[in-house]
Amino acid sequence: MEMQVSKEYMMTDLNKNVTRDGRPFIKAVMVDEEGTQYNSIMFDSNKLDFEPEVGLIVHVEGGLQQYAGQTQLKINMMRLCEGADPSDFLPRSGLDAEAMLEELKRIVYEYVKTDYLTAFLDKFFADEELMERFMKSPAAKSVHHAYINGLLEHTLSVTKIAVMMGRYYKNKANIEHLIFGALFHDIGKIYELKTAPGFDYTDSGKLMGHLIQGIQLFRSIADGIDNFPDDVKDLVSHLVASHHGYLEFGSPQVPKTVEAMILHHIDDIDAKMNTFYSIFNKEEVEEGWTSYDRLLERQLFRHPYRSGGER
């Protein structure tokens, strides 16, 4: 049974194609003003009176249906909305970016005391253009923390866990290096991703990716700091380069230091937790099972025993 839909969306991830019998169709991700995203499909798209493009705001008539275990928006009619502001349709976390940035700064300065590292932090946080990008960027196009301020939220979370892990393994791991890895592991996404006219990859992001871009940014700042040791530059660069954990997941190196191994697992768990709750929220699951998620290759179960074991 379909749930009928009549509302405005921003069109992203547009793909135009034809069926085997020659009928033109389009696939797109549709984002509403609440940030909810749906994979969508429209057949006979040649009958539209406008040319579909990424970033356009459209009014859609259609229905939500289940397809291959996922909720899909089947579009029956679509018309262009003139004068709509695309920024109103970008998903947002609802968290205060300024407050998150201040919390991040407080944490890193509390635990990073080495002179050349604090000098680095001073220069990094003083760059207003860089901070503006950092606060607005998503952490991904669609997988985890895929909303405005998502990169900052993810970085803050990874840094908090890095502090806990660094303190626990204080005789085995360098907590300052681990914090630098947490701070910079995804920083290249400010250059890899763009937010207009919707979340997408930049040309440089497609050519290099955020790991290389993050290392470039880190080393460009470190090279301007007096007495910043070359071997520490290499160690932090390795943290960024290896944080995906596996060559097949895009890391040019696998983790080869204690700090790199810790960072990889911190990053992975924070991304997975965000993905779990994004699915719960998208499907409005308070208790019980979600539909099958193709990325995670499983259904998810939301049980009632949360918040310290209280039902």
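Whatever comes next refers back to the structure up there.
Worth saying up front: this structure is predicted, and the values here are computed from it rather than measured.

A. Region of interest: the overall build of the protein chain. Counting secondary structure elements, the protein chain contains 10 helices and 9 strands. Taken over the C-alpha trace, the protein chain has a radius of gyration of 22 Å; the compact-globule value for 311 residues is 19 Å, and the two agree within 12%. With the C-alpha coordinates of the protein chain rotated into their principal frame, the extents come out at 65 × 45 × 35 Å. In the protein chain, which comprises 311 residues, the proportion classed as buried is 49%. Here the analysis covers contacts within the protein chain between residues at least 6 apart in sequence; of these, 56% occur between residues at least 24 apart. Here the protein chain has roughly 16400 Å² of accessible surface; of this, 49% comes from carbon and sulfur atoms.

B. Representation of the packing of helix H2 (residues 115-126) against helix H8 (residues 210-222). Running from N to C, H2 and H8 point in directions that differ by 115°, and their axes come no closer than 10 Å. For the pair H2 and H8, the sense of crossing is right-handed. Touching Phe120, Lys123 and Phe124 of H2 are Phe218, Ile221 and Ala222, all from H8. Split by residue class, the contact of H2 with H8 holds 5 nonpolar, no polar and 1 charged.

C. Broad picture of the packing of aromatic side chains. Across all of its chains, the model carries 17 aromatic pairs by this definition. For the pair Phe120 and Phe228, a centre-to-centre distance of 6.0 Å together with 55° between the ring planes defines the contact as tilted. You can see Phe120 sitting in helix H2 and its partner Phe228 sitting in the loop between H8 and helix H9 (230-242), a full 108 residues away along the chain.

D. Molecular detail of the packing of helix H4 (residues 150-168) against helix H10 (residues 258-282). Interaxial distance between H4 and H10 falls to 10 Å at its minimum, and their mutual angle equals 135°. As summarised for this structure, H4 and H10 are arranged oblique, according to the angle between their axes. For the pair H4 and H10, the sense of crossing is right-handed. Two secondary-structure elements touch here, H4 through Glu153, His154, Ser157, Val158, Ile161, Ala162 and Met165 and H10 through Ile262, Leu263, Ile266, Asp267, Asp270, Ala271 and Asn274. A class-by-class count of the residues in the contact of H4 with H10 yields 8 nonpolar, 3 polar and 3 charged.

E. Here's a closer look at H4. Counted at 1.5 Å a residue, the expected span for H4 with its 19 residues is 27 Å, and the 27 Å between its end C-alpha atoms agrees. For H4, every residue scored as buried is listed here: Gly150, Leu151, Leu152, Glu153, His154, Thr155, Leu156, Val158, Thr159, Ala162, Val163 and Gly166.

F. Main features of the nonpolar core. Ranked by size, the top nonpolar core spans 40 residues in total, and within it Phe120, Phe124, Phe134, Phe184 and Phe228 carry the most contacts. Those elements giving two or more residues to this core turn out to be helix H1 (97-111), H2, helix H3 (128-136), H4, helix H5 (175-184), H8 and H9. With near-sequence residues (within four places) excluded, Phe120 lies in contact with Phe180, Phe184, Phe218, Ile221, Ala222, Ile225 and Phe228. Residues Met11, Ile26, Ala28 and Phe50 belong to the second largest nonpolar core, which totals 16 residues.

G. Quick peek at unusual backbone geometry. The phi dihedral of Asp44 is positive, around 55°, even though this residue is not glycine. Mapped onto the elements of the fold, Asp44 is located in the loop between strand E3 (37-43) and strand E4 (57-67). For Asn149, which is not glycine, the phi dihedral falls at a positive 75°. Looking at where Asn149 falls in the secondary structure, it is placed in the loop between H3 and H4. Overall, the relative accessible area of 11% leaves Asn149 in the buried class.

H. How the structure looks around the sheet that holds E4. Ordered in space as E1-E2-E3-E5-E4, the 5 strands form a closed barrel in which the pairing is mixed. Ignoring which end each strand starts from, the neighbouring axes of this sheet average 50° apart. With 7 bridges joining them, strand E1 (residues 3-18) and strand E2 (residues 24-31) adopt antiparallel strand pairing. The residue of E2 that forms the bridge with Thr12 is Val29.

I. Summary view of the pairing of E1. Pairing between E1 and E4: 8 bridges, direction antiparallel. Across the sheet, Glu8 pairs through a bridge with His59, a residue of E4. A loop of 5 residues connects E1 with E2, the two strands running antiparallel in sequence, and Gly22 in this loop sits at a positive phi of about 90°.

J. Broad picture of the side chain of His154. Mapped onto the fold, His154 is located in helix H4. Polar side-chain contacts of His154 include one of 2.6 Å to the side chain of Asp270. In this structure, His154 is in contact with Ala139, His144, His145, His185, Asp186, Asp267, Asp270 and Ala271, ignoring residues within four places of it in sequence.

K. Seen up close, the pattern of salt bridges. Here the structure, examined in full by the defined rule, presents 12 salt bridges. Here Glu102 and Lys105 are joined by a salt bridge, their closest N and O atoms 3.5 Å apart. On the criterion of helical spacing, the pair formed by Glu102 and Lys105 is a turn pair, its members being 3 residues apart in helix H1. When salt bridges with common partners are traced through the structure, they connect Asp223, Asp230 and Lys233 into a single cluster.

How each quantity is defined
- Residues numbered from 1 in each chain as written.
- Predicted model: local features only at pLDDT ≥ 70, side-chain atom pairs only at ≥ 80, totals over all residues.
- Heavy atoms only, no water.
- Helix = DSSP H or I, 4+ residues; strand = E, 2+ residues; numbered from the N terminus.
- Rg over C-alpha atoms; globule rule 2.2 N^0.38 Å.
- Buried < 20%, exposed > 50% of the residue type's maximum accessible area, 1.4 Å probe, protein only.
- Contact = heavy atoms within 4.5 Å.
- Areas by Shrake-Rupley, 256 points an atom, 1.4 Å probe, with all protein chains shown as cover.
- Axes fitted to C-alpha atoms, helices over the stretch in contact; angles between N-to-C directions.
- Left-handed = near helix turned anticlockwise from the far one by under 90°.
- Nonpolar A, V, L, I, M, F, W, Y, C, P; charged D, E, K, R; others polar.
- Phe/Tyr/Trp six-rings, centres within 6.5 Å; stacked < 30°, edge-to-face > 60°.
- Parallel < 35°, antiparallel > 145°, perpendicular 65-115°, else oblique.
- Expected span 1.5 Å × (residues − 1).
- Core = buried A, V, L, I, M, F, W, Y, C linked by side-chain atoms within 4.5 Å.
- Pairing = 2+ DSSP bridges.
- Polar contact = N/O pair within 3.5 Å; in protein donor to acceptor, adjacent residues only side chain to side chain.
- Salt bridge = Lys/Arg side-chain N within 4 Å of Asp/Glu carboxyl O.

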